[in-house]
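# Working through the structure, step by step
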Amino acid sequence: MYESLMKVITGYGLISGFAVIGLTMWVSYWISDTFTKGRLHGSAIAILLGLLLSYVGGAFTGGSKGVVDIPLLSGIGLLGGAMLRDFAIVATAFGVSVDELKRAGYVGVLALFVGVGSSFIAGVGVAMAFGYTDAVSLTTIGAGAVTYIVGPVTGAAIGASSEVMALSIAAGLIKAILVMVMTPFVAPLIGLNSPRSAVIFGGLMGTSSGVAGGLAATDPKLVPYGCLTAAFYTALGCLLGPSLLFLMMRGLVG
């Protein structure tokens, strides 16, 4: 019985990967609702659980691919591979209407560039403080501070090491969690109480999961407006990271 079950699971790796991810998401949202009352979004908890399980899997198997080294969970390697990652990025970009962005006004467009630029500069500053000096590493970690999707996309395009790309993901994850947790507390102080302000906020912060979770905890009616520019933010970061921002860093540090 056990051998037959293992044969089916390993033979249909992608399906088993979806099952594991679905279970992880269910547990994450249960933890979010039960212990944080929705203040910490389920997606952030799911990311933390994924990183923890990856570490445990790597330590348990002595391998280099985390839980993928466990035959039962090998399908996660397909589900989390570059193909589906890039598909998700393209789907995010195509899922937003340019006409809707125009309705947000020039302020919303300006917020996008200010948000990407300020996050990138902050990430580069932290990377330099920890001793990174080459353009590839600085650009990748700076892009990770934009979002945890932009970081690995940029790093893969410009040839960054896996360690640097992991740091970029960590930087984006910390940013997403901070935005989720802090948004409800700072919203009254910054006037985050209208669709227009939510559009600007989404453009400045950019991390889709962070903005969605933070606005949901503040006022669920504001979520679509913040997510509108946050979706463009990711696409803009993926466009500028391996191109203009990388060229700028090469010009500055060689």
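All chains use their own residue numbering, which begins from 1 and follows the written sequence. Confidence filtering applies because this is a predicted model: local features only for residues at pLDDT of at least 70, side-chain atom pairs given and counted only at 80 or more, and all residues used for totals across whole chains, interfaces and linings. Water and hydrogen atoms play no part in the side-chain values, which are based on all heavy atoms of the structure.

Secondary structure counts use DSSP, requiring at least four H or I residues in a row for a helix and at least two E residues in a row for a strand, with both numbered from the N terminus. Helices and strands together make up the secondary structure of the protein, namely 13 helices and 0 strands. In the protein, the order of α-helices and β-strands from amino to carboxyl end is α-α-α-α-α-α-α-α-α-α-α-α-α. Each residue's exposure class comes from its accessible area (1.4 Å probe, protein chains only) as a fraction of the maximum for that residue type: buried when under 20%, exposed when over 50%, partly exposed otherwise. Every one of the 254 residues in the protein was classed for burial, and the buried ones make up 41%. Sequence-distant contacts in the protein: of pairs separated by 6 or more residues, those separated by 24 or more amount to 66%. Per-residue and other accessible areas were derived by the Shrake-Rupley procedure at a 1.4 Å probe size, with only the shown protein chains allowed to occlude residues. Entry remark: accessible area of the protein is about 13,700 Å², with carbon and sulfur atoms responsible for 73%. Here, two residues are considered to be in contact whenever any of their heavy atoms come within 4.5 Å of each other.

Two rings belonging to Phe, Tyr or Trp (six-membered ring only in the last case) form a pair when the distance between their centres is within 6.5 Å. Interplanar angles under 30 degrees mark stacking, angles over 60 mark edge-to-face geometry, and anything in between is tilted. Applying the stated rule across the entire model yields 1 aromatic pair. When the ring of Trp30 is compared with that of Phe35, the centres are 5.6 Å apart and the planes differ by 85°; the resulting orientation is edge-to-face. Look at Trp30 and you get partly exposed, because its relative accessible area is 44%. Judged by relative accessible area, Phe35 falls into the exposed class, the value being 58%.

Here Ser168 shows up in helix α10 (residues 162-190). Taking relative accessible area as the criterion, Ser168 reaches 0% and is therefore assigned buried. Discounting residues that sit within four places of it in the chain, Ser168 has contacts with Thr140, Ile141, Gly144, Tyr148, Gly151 and Pro152.

On to the environment of Gly125. Counting through the fold element by element, Gly125 comes out in helix α7 (residues 105-129). For Gly125, a relative accessible area of 39% gives the class partly exposed.

The next point concerns the UniProt feature "transmembrane region" (unreviewed entry) in the protein. UniProt positions are given in the numbering used here, feature names are shortened, and annotations may be inferred rather than shown by experiment. Per the UniProt record, "transmembrane region" (unreviewed entry) is annotated on residues 12-31, 43-60, 72-94, 106-131, 138-158, 164-186, 198-217 and 223-248. Within residues 106-131, the helical portion is 92% and the strand portion 0%, while the C-alpha atoms at the span's ends are 38 Å from each other. Strand forms 0% of residues 198-217 and helix 90%; the C-alpha atoms that close the span are 13 Å apart.

Our next topic: the packing of α10 against helix α12 (residues 208-218). Geometrically, a packed helix pair is captured by the angle between its two axes and the distance between the axes. Look at α10 against α12: their axes get within 7 Å of each other, and the N-to-C directions meet at 30°. Put simply, α10 runs roughly parallel to α12. Like other packed secondary-structure pairs, α10 and α12 cross with a definite hand, here right-handed. Together, Ala176, Val179, Met180, Thr183, Pro184 and Ala187 of α10 and Ser209, Gly210, Val211, Gly213, Gly214, Leu215, Ala217 and Thr218 of α12 make up the contact between the two elements. All amino acids are sorted into three groups, where Ala, Val, Leu, Ile, Met, Phe, Trp, Tyr, Cys and Pro are nonpolar, Asp, Glu, Lys and Arg are charged, and the leftover types, Gly among them, are polar. Among the residues forming the contact of α10 with α12, the class breakdown is 8 nonpolar, 6 polar and no charged. All axes are obtained by fitting lines to C-alpha atoms, using only the stretch in contact for helices, and the reported angles, taken between N-to-C directions, cover 0 to 180 degrees. Here is the rule for angles: anything less than 35 degrees is roughly parallel, anything more than 145 is roughly antiparallel, 65 through 115 is roughly perpendicular, and the remaining ranges are oblique. Here a crossing is called left-handed whenever its near helix is offset anticlockwise from the far helix by less than a right angle, and right-handed whenever the offset is clockwise.

What follows concerns the side chain of Ser28. Looking at the secondary structure, you find Ser28 in helix α2 (residues 13-35). Judged by relative accessible area, which is 0%, Ser28 ranks as buried. For the purposes of these results, a polar contact is taken to be a pair of N or O atoms within 3.5 Å, where, inside protein, one atom must be able to donate a hydrogen and its partner to accept one; residues adjacent in sequence count only when each atom of the pair is a side-chain atom. A polar atom in the side chain of Ser28 sits 2.7 Å from the backbone oxygen of Thr24. If near-sequence neighbours (up to four positions away) are discounted, Ser28 is found in contact with Gly42, Ile45, Ala46 and Leu49.

Along the polypeptide, Cys238 turns up in helix α13 (residues 223-253). Measuring from C-alpha to C-alpha, the distance between Cys238 and Thr154 comes to 6.6 Å, with 84 residues separating the pair along the chain.

With that settled, consider a nonpolar patch on the surface. Any residue with relative accessible area above 30% and no salt bridge may belong to a patch, with like charges joined within 9 Å and the nonpolar Val, Leu, Ile, Met, Phe, Trp and Tyr side chains within 5 Å. By convention in these notes, a salt bridge is any Lys or Arg side-chain nitrogen within 4 Å of a carboxyl oxygen on Asp or Glu. On the surface, Ile174, Leu178, Val181, Met182 and Phe185 cluster together into a nonpolar patch covering about 480 Å² of accessible area. With respect to the secondary-structure elements, Leu178 resides in helix α10.

Our next topic: the environment of Met180. Checked against the element boundaries, Met180 lands in helix α10. Sequence spacing of Met180 and Gly38 is 142 residues, and the spatial spacing of their C-alpha atoms is 9.8 Å.

Helix span, expected: 1.5 Å multiplied by one less than the number of residues in the helix. In a regular helix each residue adds 1.5 Å, so 23 residues correspond to 33 Å; α2 covers 32 Å between its end C-alpha atoms and thus fits that length. Listing the buried residues of α2 in full gives Gly13, Ser16, Gly17, Thr24, Ser28 and Ser32. Just downstream of α2, Lys37 is the residue with a positive phi angle, here 55°.

Counting residues in hydrophobic clusters, the biggest one holds 24 residues, and the most contacted among them are Val116, Phe120, Val146 and Met249. Where this core is concerned, the elements lending two or more residues are α7, α8 (135-146), α9 (150-158), α10 and α13. In terms of residue count, α13 provides more of this core than any other element does, 8 residues in total. The criterion is simple. A nonpolar core is a set of buried Ala, Val, Leu, Ile, Met, Phe, Trp, Tyr and Cys residues joined through side-chain atoms within 4.5 Å. In terms of nonpolar packing, the next biggest core, distinct from the first, is built from 11 residues, Ala187, Leu192, Phe201 and Leu215 among them.

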